[in-house]
Amino acid sequence: MDVNYELYKVFYFVAKTLSFSEASKSLYISQSAVSQSIKTLEKKLNQHLFIRSTKKVQLTPEGNMLFKHIEPAINLIMRGETHLMETHTLSGGQIRIGASDTICRYFLVPYLQEFHEKYPNVHIKVTNSTSIECVSLLANGSVDFIVTNFPNRKLLDNIKTVMVKDFYDVFIGGPKYKSLRNIPLALEELQNYPLLMLDKNSTTSEFLHNLFHKNGLDLIPEIEISSNDLLIDLTRIGLGIAFVPDYCLPPQSKDLFTIRLEKEIPKRHLAVAYSEQFPLSQAAKSFIDLMV
């Protein structure tokens, strides 16, 4: 089927923004040109791709199916164009990183600073999502690489992983539970206390649920939220005992303490992951080299 690439490019931007006007701004063409391109594409494919409304549009089931194929293709072409413009130098270009808020704040920041100081002309774009959701960003070419908690069930064989840091998850208590300081506890004893943890969309939540399951225990958290920083704050005010990665604990905190366990929790890792389907730019390789 003979369909001009520019039609697919217009379709990509409309599908991504769900707005003809936003797509026209991104493409630097008129809104009427965007509308005409979509009509032409729909005629060529003999399919309705969008449901129109006054302000926003929605993808039809056929449009959504097409977008799943077009998105990685367009991202691959854009990445190829970027590589050509870079000509294997670090005098410009862009790197796109996917990582959770916690990993960004407590691990990536010094590397972002060091890289920017070395290569100030390289633009850095960081997309925040959970480690599980970051794998989807990687699969469709929206990011060059991700920094993720490992293990991560979404990482498949076609994704290359490099371990960059080991860490342990810990249970922490605040002043309300100071009687537990320095007393070794079994996992089953923790069931007697309100447990605070990340929500089920996180690798940390999956890890803790699996840990309890392997020990024949049921895990029923008191609170599930999406922020480790907020978990720490809630622990301080006595809402319960939180489960967090050790690398995000405040240094020398006087009002928080790590609860000792009778049996050590297995360590996890932070890993850099990238798809071999999308070749890394020189800038992306250099950033990864800083972390490894």
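Before reading further, recall that the structure is shown in the block above.
Residues numbered from 1 in each chain as written. Predicted model: local features only at pLDDT ≥ 70, side-chain atom pairs only at ≥ 80, totals over all residues. Heavy atoms only, no water.

Draft legend 1. Local environment of unusual backbone geometry. Each neighbour pair has its own omega, and for F150 with P151 the value is 10 degrees, a cis peptide bond. Within the element layout of this structure, P151 appears in the loop between β5 (145–150) and β6 (159–167). Within the chain, L18 stands out as a residue other than glycine whose phi angle is a positive 55 degrees. With respect to the helices, strands and loops of the structure, L18 is situated in the loop between α1 (5–17) and α2 (20–27). (Helix = DSSP H or I, 4+ residues; strand = E, 2+ residues; numbered from the N terminus.)

Draft legend 2. Focus on the packing of aromatic side chains. The full count for this structure, using the stated rule, is 12 aromatic pairs. Between F167 and Y247 the ring centres are 5.1 Å apart and the planes differ by 90 degrees, which places this aromatic pair in the edge-to-face class. Of this pair, F167 sits in strand β6 while Y247 sits in the loop between β10 (241–245) and β11 (257–258); the two residues are 80 residues apart in sequence, bridging distant segments of the chain. An identical accessibility class is assigned to F167 and Y247; each is buried. (Phe/Tyr/Trp six-rings, centres within 6.5 Å; stacked < 30°, edge-to-face > 60°. Buried < 20%, exposed > 50% of the residue type's maximum accessible area, 1.4 Å probe, protein only.)

Draft legend 3. Examining the environment of T148 more closely. Looking at the secondary structure, you find T148 in strand β5. Spatially, the C-alpha atoms of T148 and A273 are 7.3 Å apart, while their sequence positions differ by 125 residues. Not counting residues within four places of it along the chain, the set of residues in contact with T148 comprises I103, S131, L155, H269, L270, A271 and A273. One polar contact links T148 to N152, side chain to side chain, over a distance of 3.0 Å. (Contact = heavy atoms within 4.5 Å. Polar contact = N/O pair within 3.5 Å; in protein donor to acceptor, adjacent residues only side chain to side chain.)

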